[in-house]
Each structure stands twice: as structure tokens, then as C-alpha cells.
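Descriptive analysis of the structure
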There are 2 protein chains.
Amino acid sequence: MGILHRGRQSFVFDQHPAILASSAIAGKKEQEGPLKAYFDETNTDTKWGQSSWEKAESKMQELALETAKKKAGIHNQDLDALFAGDLLNQCISSSFAIRDSGVPFLGLYGACSTMAEGLCLAGMAVNGGYARIAAAVSSSHFASAERQYRYPLGYGGQRTPTAQWTVTGAGCILLGRQEQGPFLNAATVGAVVDYGIKDANNMGAAMAPAAYETLRAHFDDLQLSPSDYDLIVTGDLGSVGKEIILDLFRRDGVGIGGVYNDCGVMIFDLEKQDVHAGGSGCGCGSVVLCGYLLRQMERKKLHNVLFCGTGALMSPLSTQQGESIPAVCHAVSIGTERR
Amino acid sequence: MGILHRGRQSFVFDQHPAILASSAIAGKKEQEGPLKAYFDETNTDTKWGQSSWEKAESKMQELALETAKKKAGIHNQDLDALFAGDLLNQCISSSFAIRDSGVPFLGLYGACSTMAEGLCLAGMAVNGGYARIAAAVSSSHFASAERQYRYPLGYGGQRTPTAQWTVTGAGCILLGRQEQGPFLNAATVGAVVDYGIKDANNMGAAMAPAAYETLRAHFDDLQLSPSDYDLIVTGDLGSVGKEIILDLFRRDGVGIGGVYNDCGVMIFDLEKQDVHAGGSGCGCGSVVLCGYLLRQMERKKLHNVLFCGTGALMSPLSTQQGESIPAVCHAVSIGTERR
């Protein structure tokens, strides 16, 4: 057995699991944004032909998996493990999406960090020979999230300037062993970080410290620096959280500004689309990674990307009970070459 | 890299991660049941000195982790990964329990199968060298589950004969590398199985088919039979689900009756404790495994145990939307010797 852990939080994928295929399914507002050319399927019907938004979200996960399998030329029976999660209570989008597939299923709850968590674990499964092909899937839906976390849409609640817009979308990545990349090269698992933020309309501020801590651990554990990446990207900090990250690193005297961005800022036109601080949700990082970023890697416009999924781990009930917002961030290093 | 998968759903732990320590924390009703001698800590206060049942559940997870660490003689900084989950929306018991620990955290949602899922993944992490020591933790609380899934306790709703009683308890297992067992020898990851059961008061019937399918896959993939175990134990099928499992195997002509039992049946005195079909919840399988069963293995009264965590993956909302109950079961083979 190799010793793959580096420091305490990080490990290397010495067998370099390859991304066999990825897919991004997105909603209407995402289709109107700057990344519209990179989604495999979009729909102007918020219910995707289903009877509820929750079922629509499940449908998007199904479509994401179907699309990725088609691209990779594989079938359900080729999939040894599927890691999936979402934001809905009891993660029903995920478990209902694959209930007829017969695919071995490992449910995750990492809030909006789920795609990164799924990649860490699916990567571990393929790297270690526990699975031949493994999938990571996650989703969110604006309407199902709003009514669960905030207000019924019909209530027409006002949104604060720091509020973010939950992305309607689902992403899927299939990992296996092949000579062609992109490859997973390393990962850093985050600890839960809670700086005491209690404003449930300011997720960016709650999650930014977790991203900062995980990035620091990643650089320390693996003896890397921001310049080893041409893109370091967080999942859904939005414009507020993005500024906080830049500020925290500035204090350390570490310049990441040149290579850092956030999927929540990238997915929408923040000036024109009335999304306040930007996109959020499991679907946000997922569709930006599975749609836009991996296409850029295929075209060799990006070579080394550190994808940092960020998740706020509170619930409406914990907020009602006066609790602050714990957050987590997992980072996965993806490269066009093995390193 | 070794090829560890066997068939599609199963894999072997070729490095045999060892159980360094385990702990079981339980509530008042559990303390009055037949396994009372096997809990590390119990409390007659349903709130465990906290201001809510949800915080009490989180407190139990903290205590479970603290107790297991103390037994193993390790500290938070020795823990490279913690896999945890629970039944509460957004799994707040788990993320709040470890928010001050600094331990790398991977959140799971497997409903009541969480301890088995955690063991599969923590086992993979230690077996593959991704983590030196990893923990699996899960919990449930009768009162927090009742008000989330069913009715406020004060409402005094009548319970049907097939209803089960959510166990108040938390369990923790620490895995690492050492010469002394018990060891994890193999695991089988379940697919989601949905036979169309819609009665949310009959979880045993909804979950039994998932347990049956996973057990069949386990025997097929690993070329084993029930007689290779001295105990095959499901997490929380209760008396109704237990009968269904026995019936399904009887139809196949496979006798498992002599070695099969269910934690939901074992944890309470079904005649005297007014729990109808028995115990349920993430805590049920967890405390029976981490308390009673692992003590029996230490004393060499049990040698090979197949622990099958069973989970019902619906939510109150999916039930309201007319959906049936998808279920999953993961099995972990634990032995006093490596095999």
C-alpha cells in the first residue's frame, strides 16, 4: 500500500483517475448568462415537465448522468459507484434520480461543496481499485431551494445585496482509468470552519474562511503555491466571498488574485441578471466545472485547475435556534497532465 | 494498484483496517432495554443539558467521538478524516458536532445506513493510505426525528403497529492500522431499491428489499454464503422487515435464519417497551454495533459479523408529493481475524 496522504488534510491520486466524460444541465437563467454555450441541455420550463420543482431537480440529475454516460459510451452496468448529493432535505434529488438504475449509490451531504466531495471520494474509489468507473453528481434548483431555505416564491420576499441566487443545474463527472486526461492529481479535505457569521443571506462571508483554510492547507500539505495553477476556483462564494478570500490572502502576503475566480461570479452577469452577489448552490460549481472549465481544459486553454467546492452546513432550523453558519471546503487538483 | 473490487458492488479491504476503538452513547429508553450494559454513556435528560433536541443529538455525536478517541488514546490532530451523517435536514447534528475540532470532514447522507456507509468509506480511506486514522460517526434522536418526519411530540399522534421507534443514540468507530482486530475485511455498496411501498409508517417493508438485494450481491460477488458468518445483522428493519428478509431468502431456498438478526429488534424489549415493530434510525444500528456487537467480538463470542446498514431515502416532502420510498443497504464484513 502506498502512503498517499500528505500532511493531514491532503492526499495525492498516484494512479491519476481520468475524467472520462462530464455533463452540465442548466435552467433558464443560467442559459441567459455568459456560460450559455457550455451547457449540454437547458430548459425554459422550471419544472422540466415534472409535477414539482423537486422532481425537476431530480430529473436534471438523471439527465446529467445520462448525458455523461452517453459521452463516455458506457451504460449503468459499467458504473461501480455513484457519489451524489444535493441541498434538499434528505437529499431526495439524488436518491430519486438513480432509484431505477441499479448503480451502487453512496449519498453525500456537503451542501454546495458536494461536487468537490464527490470527486474526492469517487477519485479515491477509482484510484484505489475499489471501482472501475465511478461518478460524482450534484444539483440544485432555485425554486426548490428558495422554498426550503427561505420563503415560498409567491411571497415575493426582498433580497439583500449580499444574497446569492441558487443555480438551477446539475453536473456529472465520470472517473475511470485511461491515458487521456484531464486527471485528478490531488485533493484536500476541509475541516468545518465557523467564524460566527449568522446572516443566512450572506453565505459568501460564512464560506470564505473555510475556503481560505482549505487553500492554505492545500499549499502547505502539497508544497504548492498559487502559481502552480492557472486557475483556482471556488464553487459559490459570490462577489462578497470572493473579496474576502482575496483580502485574507493579501494579509498573508500571498498573491492569488491573478489566478483566482469564483463560479458564482462566473455563471451570471452580475450587472444585468439581478442576482445580487452571484450564483450559489451545489449546481453552481458543478455546472461551471462540468460545462465551462473542463471544456477549457480539453481545449488546453487551462492546464491546472484547483476546484474548491464550498458549502454552508446550516439548516433553516439551526438558524432559527440562533446558531451561526458552519462551512466547509474541499479542493480537488485537476490537470491536463499527470503530476 | 491492486484490483480490490469483486463483482460490481463489492470490494475487499486487502490491508484490513482495524477498529481502534468504538463508542456508543444512548438515551433513556435505550438504557431501559436489553443492551443497557453496553453503552458508554446514557442520560435520562432527553436534551442532554442542551437547549433543543437537535443540539442534544449533536452533543451525543461529540460525546461518541470524544469517548472513542479517549479509548484509542488519540487526539483530534491524529484524525485525518471523519465521515458522519444523521437524519436531520442538512445533517446538522454532524456538522455542528465537529465544527470546533479541526478534523477533515466528509458529510454523508445515507439515512439509517449511514454507519455502514461511513465504514465503507473510512475503510477505503485507511485501506488505501489516504488517511492514517479515520472515523465513522452517526446519530439519531427520537424527539428530533419525530417532529421532523411525523408530528410534534405534544400532538400525541397514534402509532401504527408497523411503526418503529427512532433510537436516541450516537455511535463512533475509529479505523487505523494495527495488528489487533476486529478488522474490516470486505464491503458491499448497495443500489437504491424501490418496491413501491408508500406507507411511511412501515419503513421495515420499504427497506427489507434493499437489504435482500445487497446481501445477495455480497454473497455472489465474494463467493460467500450465510454460513461464513456467525451473525448477519441489519440496522433497523424491525420485526416486520426482519420477517420479510427471512421470507425472501426462504423463497430462494437460502437459510439465513440461524445467523440473522436485526438491531431494531435487539435494542428494545418489543413486548414490554411499547416500541411496536422495534427500533430505527441512524443511531439504532450504530449503538448496537458500536456497543454490543463489537464487545462480543472483543470477547471472541462473535468472529465474523456482516453489518448491513439499511436506509429509507424519502423525505416528508417526497411522501407529500405521492412518492414511494426508495431504500438502500450497505454491508460491511467485520472479523476478529483478517480474511
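Residues numbered from 1 in each chain as written. Chains lettered and ligands numbered in written order. Predicted model: local features only at pLDDT ≥ 70, side-chain atom pairs only at ≥ 80, totals over all residues.

**Details of the overall build of chain A**
A tally of regular secondary structure across chain A gives ten helices and 15 strands. By its C-alpha atoms, chain A is 55 × 50 × 35 Å across when sized along the principal axes. By residue count, 65% of the 339 residues in chain A fall in the buried class. Taking contacts inside chain A between residues at least 6 apart in sequence as the whole, the part at least 24 apart equals 78%. (Helix = DSSP H or I, 4+ residues; strand = E, 2+ residues; numbered from the N terminus. Buried ≥ 20, exposed ≤ 12 C-beta atoms within 10 Å, placed from the backbone. Contact = placed C-beta atoms within 7 Å.)

**Some details on the relation of the copies chain A and chain B**
Relative to chain B, chain A is turned by 180 degrees and slid 0.0 Å along the rotation axis, the superposed coordinates differing by an RMSD of 0.0 Å. Each copy turns onto its partner about a two-fold axis. Closest approach to the rotation axis among the C-alpha atoms of chain A is made by L108 of chain A, whose C-alpha sits 2.1 Å away. Taken as a fraction of all interface residues of chain A, those also at the interface in chain B reach 100%, which identifies the copy contact as same-surface. (Least-squares fit on C-alpha atoms with pLDDT ≥ 70 in both.)

**Observations regarding the interface of chain A and chain B**
Contact residues are listed per partner, giving 56 residues for chain A and 56 residues for chain B. Listed by contribution, the elements that provide at least two residues to the side of chain A that touches chain B are β5 (81-86), α3 (92-97), β6 (105-107), α4 (114-127) and α10 (316-320) of chain A. Considering only residue class, the side of chain A that touches chain B consists of 30 nonpolar, 18 polar and eight charged. (Nonpolar A, V, L, I, M, F, W, Y, C, P; charged D, E, K, R; others polar.)

**Structural notes on the nonpolar core**
Side chains of a nonpolar character, in soluble globular proteins, are inclined to be buried together. The biggest cluster of nonpolar side chains holds 256 residues, and the ones touching the most others in it are F83, A122 and A135 of chain A together with F83, A122 and A135 of chain B. Those residues within four positions of F83 of chain B in sequence are excluded, and the remaining contacts are L106, L108, G118, L121, A122, A134, A135 and A136 of chain B. (Core = buried A, V, L, I, M, F, W, Y, C linked by C-beta atoms within 7 Å.)

**Quick word on the domain arrangement of chain A**
Residue and element names in this part refer to chain A. If you check the domain split of chain A, you get domain 1 (17-176) and domain 2 (183-335). The gap between the C-alpha centroids of domain 1 and domain 2 is 18 Å. With 50 residues of domain 1 in contact, the opposing surface of domain 2 contributes 51 residues. Here the side of domain 1 that touches domain 2 takes seven residues from α4, the largest share from any one element. When the residues that make up the side of domain 1 that touches domain 2 are grouped by side-chain class, the tally is 26 nonpolar, 18 polar and six charged. (Domains from an automatic or database assignment.)

**A short note on the pairing of strand β11 (residues 231-234) of chain A**
Residues and elements named next belong to chain A. Of the pairings in the sheet, the one linking β11 to strand β14 (residues 304-312) comprises four bridges and is parallel in character. What sits directly across from L231, in β14, is V305. As judged from the three bridges shared by β11 and strand β12 (residues 260-262), these two strands associate in the parallel manner. Within β12, the position partnered with T234 by the bridge is D262. Crossover connection from β11 via helix α7 (residues 238-252) to parallel β12: handedness right-handed. (Pairing = 2+ DSSP bridges. Right-handed = clockwise from strand over helix to strand, strands pointing away.)

**Quick look at unusual backbone geometry**
Of the consecutive residues G181 of chain A and P182 of chain A, the connecting peptide bond is found in the cis state with omega at 0 degrees. Assignment of secondary structure puts P182 of chain A in the loop between β9 (169-176) and β10 (183-188). Notably, Q223 of chain B is not glycine yet its phi reads approximately 55 degrees, a positive angle. Along the chain, the position of Q223 of chain B falls in the loop between α6 (203-222) and β11 (231-234). The backbone of D274 of chain B sits at a positive phi, close to 55 degrees, despite the residue not being glycine. Mapping D274 of chain B onto the fold places it in the loop between α8 (263-266) and β13 (279-280). Under the C-beta neighbour-count criterion, D274 of chain B is labelled exposed, with 11 such atoms within 10 Å.

**Considerations on α6 of chain B**
All names here are of chain B. In a regular helix each residue adds 1.5 Å, so 20 residues correspond to 28 Å; α6 covers 28 Å between its end C-alpha atoms and thus fits that length. Across the 20 residues that make up α6, a large majority, 17, are buried. Residue Q223 follows α6 closely and has a positive phi angle near 55 degrees. (Expected span 1.5 Å × (residues − 1).)

**Overview of the environment of A277 of chain B**
Residues and elements named next belong to chain B. Mapped onto the fold, A277 is located in the loop between α8 and β13. With 29 C-beta atoms counted inside 10 Å, the residue A277 sits in the buried group. Among all residues touching A277, those that are not within four sequence positions of it are T162, A163, Q164, G204, G238, S239 and V240.

**Quick notes on the environment of S113 of chain A**
Within the secondary structure, S113 of chain A is located in the loop between β6 and α4. The spatial distance from the C-alpha of S113 of chain A to the C-alpha of Q321 of chain A is 24 Å, given a sequence separation of 208 residues.

**Here's the deal with the confidence of the model for chain A**
For chain A, the average pLDDT comes to 97, and 100% of its residues sit at 70 or higher. Confidence estimates for the predicted assembly give a pTM of 0.98 and an ipTM of 0.98. (pLDDT = per-residue confidence, 0-100.)

**Describing helix α5 (residues 142-149) of chain A**
The complete set of buried residues in α5 of chain A reads F142, S144, A145, Q148 and Y149 of chain A. Contacts made by the buried residues of α5 of chain A are with α2 (53-72), β7 (134-140), β8 (165-166) and α10 of chain A.

**Describing the pairing of β7 of chain A**
Within a regular beta strand, the side chains point alternately toward one face of the sheet and then the other, so they alternate between its two faces. All names here are of chain A. Across the seven residues that make up β7, a large majority, seven, are buried. Alternating positions in β7 separate into two faces, A134, A136, S138 and S140 on one and A135, V137 and S139 on the other, with burial throughout. When β5 meets β7, the two strands line up parallel, connected through six bridges. Across the sheet, A81 pairs through a bridge with A134, a residue of β7.

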